[in-house]
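What the coordinates show
Letter by letter, the chains look like this.
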Amino acid sequence: MGKQNDGKWWKRAVIYQIYPRSFADSNGDGIGDLQGIISKLDYLERLGIDAIWLSPVCRSPQDDNGYDISDYQDIDPMFGTLEDMEQLIAEAGRRQIRIILDLVLNHSSDEHRWFREAKKGRENPYHDYYVWRDGVEGQLPNDMRAAFGGPAWEWVPELGQYYFHQFSVKQPDLNWENPRLRREIYDMINWWTGKGVGGFRLDVIDQIAKDPDRKITGNGPRLHEFIRELSAETFQKADLVTVGEAWGATTELAKLYSNPDNSELSMVFQFEHICLDQVAGGEKWDLAPLPFRRLKEVFARWQVELHNKGWNSLFWNNHDLPRIVSRWGNDGEYRVKSAKMLAMLLHGMQGTPYIYQGEELGMTNVAFGIEEYRDIETRNLYRERLEKGYGEAEILASIHARSRDNARTPMQWDAGEHAGFTEGTPWIKVNPNYRQIHAAGQMEDPDSVFGCYRQLIRLRKEYGVFTDGDFQMLLPEDEAIFAYTRTNEDSQLLVVCNFYGRTVEDPLVEMEDSADLLLTNAENGGERQLLEPYEARMYLKTGGMLSQKEKHL
Ligand code: TEU
Ligand code: CA
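Residues numbered from 1 in each chain as written. Chains lettered and ligands numbered in written order. Predicted model: local features only at pLDDT ≥ 70, side-chain atom pairs only at ≥ 80, totals over all residues. Heavy atoms only, no water.

Re the overall build of the protein chain
In terms of regular secondary structure, the protein chain is built from 16 helices and 20 strands. Relative to the globule expectation of 24 Å for 553 residues, the C-alpha radius of gyration of the protein chain, 24 Å, shows essentially globular dimensions. In terms of its C-alpha atoms, the protein chain occupies a principal-axis envelope of roughly 75 × 50 × 50 Å. Taking all 553 residues of the protein chain together, 62% fall into the buried category. Across the protein chain, every contact between residues at least 6 apart in sequence was considered, and the portion connecting residues at least 24 apart equals 70%. Only carbon and sulfur atoms are counted for the fraction: they give 48% of the accessible area of the protein chain, which is about 20,400 Å². On the protein chain, the mean spot of the 63 positive side-chain charges and the mean spot of the 89 negative ones are 2 Å from each other. (Helix = DSSP H or I, 4+ residues; strand = E, 2+ residues; numbered from the N terminus. Rg over C-alpha atoms; globule rule 2.2 N^0.38 Å. Buried < 20%, exposed > 50% of the residue type's maximum accessible area, 1.4 Å probe, protein only. Contact = heavy atoms within 4.5 Å. Areas by Shrake-Rupley, 256 points an atom, 1.4 Å probe, with all protein chains shown as cover. Lys, Arg positive; Asp, Glu negative; His and termini not counted. Charge placed at Lys NZ, Arg CZ, Asp CG, Glu CD.)

Written out as structure tokens, the structure reads:
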């Protein structure tokens, strides 16, 4: 068994991300909740996933939809109760599905007890749980900006100090230099582990070692020291999966985060591929065409450099990202085919695949009027860019392409009112295409996007080469085809994808002829020498390897 297949369950697992607010509403208040998730466990069991990552459901004033936590050890009433969480953990466990919680450790809500205490005075024992700087009103400590707009410093008159916040004003940064704070965090995590959670996703974990005096937020000087301590005091005490969100991760840093010696985390979410279609030096709102060969180079580098030295996460989507079929597929004529191609392309690689709710249905972006957007980041962007003189049409084009609300419209369960998400009024409008795109229409259809994801999950469990095979990119210079092999001691996987909507010659057909077809998104009878628009084929060769010549085409 290859070193990669070292028995860690999460190396053979597929993880499903739920954004609870938008997944399933059980009590008609228009907001998804834990009982709603419990009611959909059979659906997730049919899909075949092994774990569920829940975006935050702890107590929160919801300034950033729960990423502003006011009590790390209680469930927000809008989502249910601690008993509901315990029931979810138990019910999922009966289906061999683990529950992964989202830990937001870089900042808390300004309504957290710690911050309310901290604001009482400089001598308060909780004051140094946060990052303060003396100052004069109107003279900011420095010109650092917050991710959701405005300065990163907020004035507190009664203290004569500013506090630091990388995100909204209601998300004050926690001071990880304080060992008492770190101890409280470790105790909280071990409390959740004791309740049977199967792992944690760590929100902006690469930003916790901030040093605002040197304008450092990501990859701060003590970052890996803190993560190693965190890991030793918590995660290493149980058989958990941990995945850190690290927008600034490089392959070198990822080898630290996901070191096979288990000293830090299982893996990280890195975003190098995600940032390719934006203007260099610009923001995500500054749209640029996807440089396809760069995309292949980035994936190949991460696959090769982390092989036996770390572990990749594999994702296209999450609750912060536009939906991939609209972004790099085709959400019109070729929606189903391109959604399957993107799935086959990603799920053949080495790493742990993540499926974001609705991705398995081929759900798409939306194009709302500005008044229908709910996300703080989107609403602030709209206002800020109007003030800067951008045209409204240009701003809306960026929002339609990049708003986080593209991922946050309600899960589309059926063709009934509000797509079966709620019997009340949804907190955010349902995508108008829900009558054509919903789970009820796909769960029993092997040719649906759902059917393709289900098959990919099964193949990963059936063939070890998905877990431990060496990655080799093929045709790196080709402008339309994304193709690679995965090779281990007894078999070889070949994945061939036409990434675009035009028919192309298939230069690998000879290689394909010597292998068995595992999965295709093509209707029958296609021309073998050609790859139709968005056509994807997955082959397996066991016993003999594809010849060296074929391999280095
Ligand atoms: O996101 C971190 C983060 O940087 C994102 O906000 C990203 O910059 C932006 O979404 C790009 O579109 C994490 C959570 O995933 C996000 O939902 C939270 O808003 C943020 O942290 C603060 O907790
Ligand atoms: Ca509800």
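What about the site of ligand 1?
The full set close to ligand 1 counts 17 residues, and Asp64, Asp203, Lys284, Asp320 and Arg404 are the nearest of them. Side-chain polar atom of histidine 107 to an oxygen atom of ligand 1: 3.0 Å apart, as the coordinates give it. For ligand 1, an oxygen atom lies 2.8 Å from a polar atom in the side chain of arginine 404. For ligand 1, the protein covers 93% of the area, taking 490 Å² as the surface of the free molecule. Partitioning the shell around ligand 1 into residue classes produces 5 nonpolar, 3 polar and 9 charged. (Near = heavy atom within 4 Å. Polar contact = N/O pair within 3.5 Å; in protein donor to acceptor, adjacent residues only side chain to side chain. Nonpolar A, V, L, I, M, F, W, Y, C, P; charged D, E, K, R; others polar.)

Looking at the pattern of salt bridges
In this structure the tally under the stated criterion is 49 salt bridges. Arginine 222 is the salt-bridge partner of glutamate 225, the closest N and O atoms lying 2.6 Å from each other. For glutamate 225, a relative accessible area of 38% translates into the label partly exposed. Across the pair arginine 408 and aspartate 320 runs a salt bridge whose closest N-O atoms are separated by 3.0 Å. With a gap of 88 residues between them, arginine 408 in the loop between α12 (392-402) and α13 (449-462) and aspartate 320 in the loop between β12 (313-314) and α9 (324-327) connect regions that are remote in the sequence. Arginine 408 sits in the buried class, given a relative accessible area of 1%. In the salt-bridge network here, residues are joined through shared partners; they are Asp64, Lys284, Asp320, Asp375, Glu377, Arg404 and Arg408. (Salt bridge = Lys/Arg side-chain N within 4 Å of Asp/Glu carboxyl O.)

Brief notes about the coordination of the calcium ion (ligand 2)
Looking at the calcium ion (ligand 2), one finds its protein donor set to be Asp25 (OD), Asn27 (OD1), Asp29 (OD), Ile31 (O) and Asp33 (OD), positioned 2.3 to 2.4 Å from the metal centre. As a motif over one chain, the donors of the calcium ion (ligand 2) read D-x1-N-x1-D-x1-I-x1-D. (Donors = N, O, S within 2.8 Å, 3.2 Å for Na, K, Ca; no water.)

What about empty space enclosed by the protein?
Enumeration according to the criterion identifies 5 cavities of 30 Å³ or more in this entry. The space that makes up the largest cavity amounts to roughly 100 Å³. Residue lining of the largest cavity: 14 residues in total, with Cys58, Leu101, Asp102, Leu103 and Trp192 positioned closest to the centre. Ranked by residues supplied to the lining of the largest cavity, first place goes to strand β5 (residues 98-103) with 3 residues. (1 Å grid on protein atoms, 1.4 Å probe; cavity = no way out; pocket = protein on both sides within 12 Å on 5 of 7 lines; lining within 4 Å. Points joined across faces, edges and corners; volume = space filled by probe spheres on them.)

Examining the layout of surface pockets
If a probe the size of a water molecule is rolled over the atoms, the empty space left behind becomes visible. Taken as a whole, the largest pocket encloses approximately 1,100 Å³ of empty space. Along its surface, the largest pocket is lined by 44 residues, and Ala147, Phe148, Phe167, Lys284 and Glu377 are the ones closest to its centre. By residue number, the principal contributor to the lining of the largest pocket is helix α11 (residues 376-387), which donates 5 residues. The volume enclosed by the second largest pocket comes to roughly 190 Å³. Lining the second largest pocket, in full, are Lys340, Pro446, Asp447, Gly451, Cys452, Gln455, Leu519, Thr520, Asn521, Ala522, Glu523 and Asn524. Of all the elements, α13 adds the most residues to the lining of the second largest pocket, at 3 residues.

Section: the side chain of asparagine 312
Mapped onto the elements of the fold, asparagine 312 is located in the loop between α8 (292-306) and β12. Given a relative accessible area of 6%, asparagine 312 falls into the buried group. For asparagine 312, the side chain forms a polar contact with the main-chain oxygen of tryptophan 302, separated by 3.0 Å. When neighbours within four sequence positions are excluded, asparagine 312 is seen to be in contact with Met267, Trp302, Gln303, Leu306, Gln350, Gly351 and Thr352.

What about the sheet that holds β12?
Read across the sheet, 8 strands follow the order β11-β10-β9-β5-β2-β1-β13-β12 without closing on themselves; strand pairing throughout is parallel. With partners counted over all chains shown, the strands left at the sheet margins are β11 (267-269) and β12, one partner each. Alignment of strand β9 (residues 199-202) against strand β10 (residues 241-245), held across 4 bridges, turns out to be parallel. By the bridge assignment, phenylalanine 200 is partnered in β10 with threonine 242. (Pairing = 2+ DSSP bridges.)

Regarding the state of the cysteines
Should the sulfur atoms of two cysteines be covalently bonded, the bond is a disulfide. Enumeration according to the criterion identifies 0 disulfides in this entry. Cysteine cysteine 452 remains unbridged, with the sulfur of cysteine 497 as its closest cysteine sulfur at 9.9 Å. Judged by its relative accessible area of 5%, cysteine 452 falls in the buried class. (Disulfide = S-S within 2.5 Å.)

Examining the packing of helix α5 (residues 179-194) against helix α6 (residues 223-233)
Two elements in contact, α5 and α6, have axes whose closest approach is 10 Å; the angle formed by their N-to-C orientations is 40°. Between α5 and α6, the angle is such that the two are oblique. For the pair α5 and α6, the crossing hand works out as right-handed. Contacts between α5 and α6 involve Arg182, Arg183, Tyr186, Ile189 and Asn190 on the former and, on the latter, Phe226, Glu229, Leu230 and Glu233. When grouped by side-chain class, the residues that make up the contact of α5 with α6 number 4 nonpolar, 1 polar and 4 charged. (Axes fitted to C-alpha atoms, helices over the stretch in contact; angles between N-to-C directions. Parallel < 35°, antiparallel > 145°, perpendicular 65-115°, else oblique. Left-handed = near helix turned anticlockwise from the far one by under 90°.)

Some details on α11
Spanning 12 residues, α11 covers 17 Å between terminal C-alpha atoms, matching the ideal 16 Å at 1.5 Å per step. Turning to α11, its buried residues number three or more, namely Ile376, Glu377, Thr378, Asn380, Leu381, Tyr382 and Arg385. Buried residues along α11 sit in contact with α12. Glycine 389 sits one or two positions beyond α11 and adopts a positive phi of about 95°. (Expected span 1.5 Å × (residues − 1).)

Quick look at the sheet that holds strand β7 (residues 153-156)
With antiparallel pairing, the 3 strands of this open sheet are ordered in space as β6-β8-β7. Of all the strands in the sheet, the pair left with one neighbour each is β6 (132-134) and β7. Averaged over neighbouring strand pairs, the angle between their axes works out to 30° when direction is ignored. Relative to strand β8 (residues 161-164), β7 runs antiparallel, the two being bridged by 4 bridges. The partner of valine 156 across the bridge, within β8, is glutamine 161.

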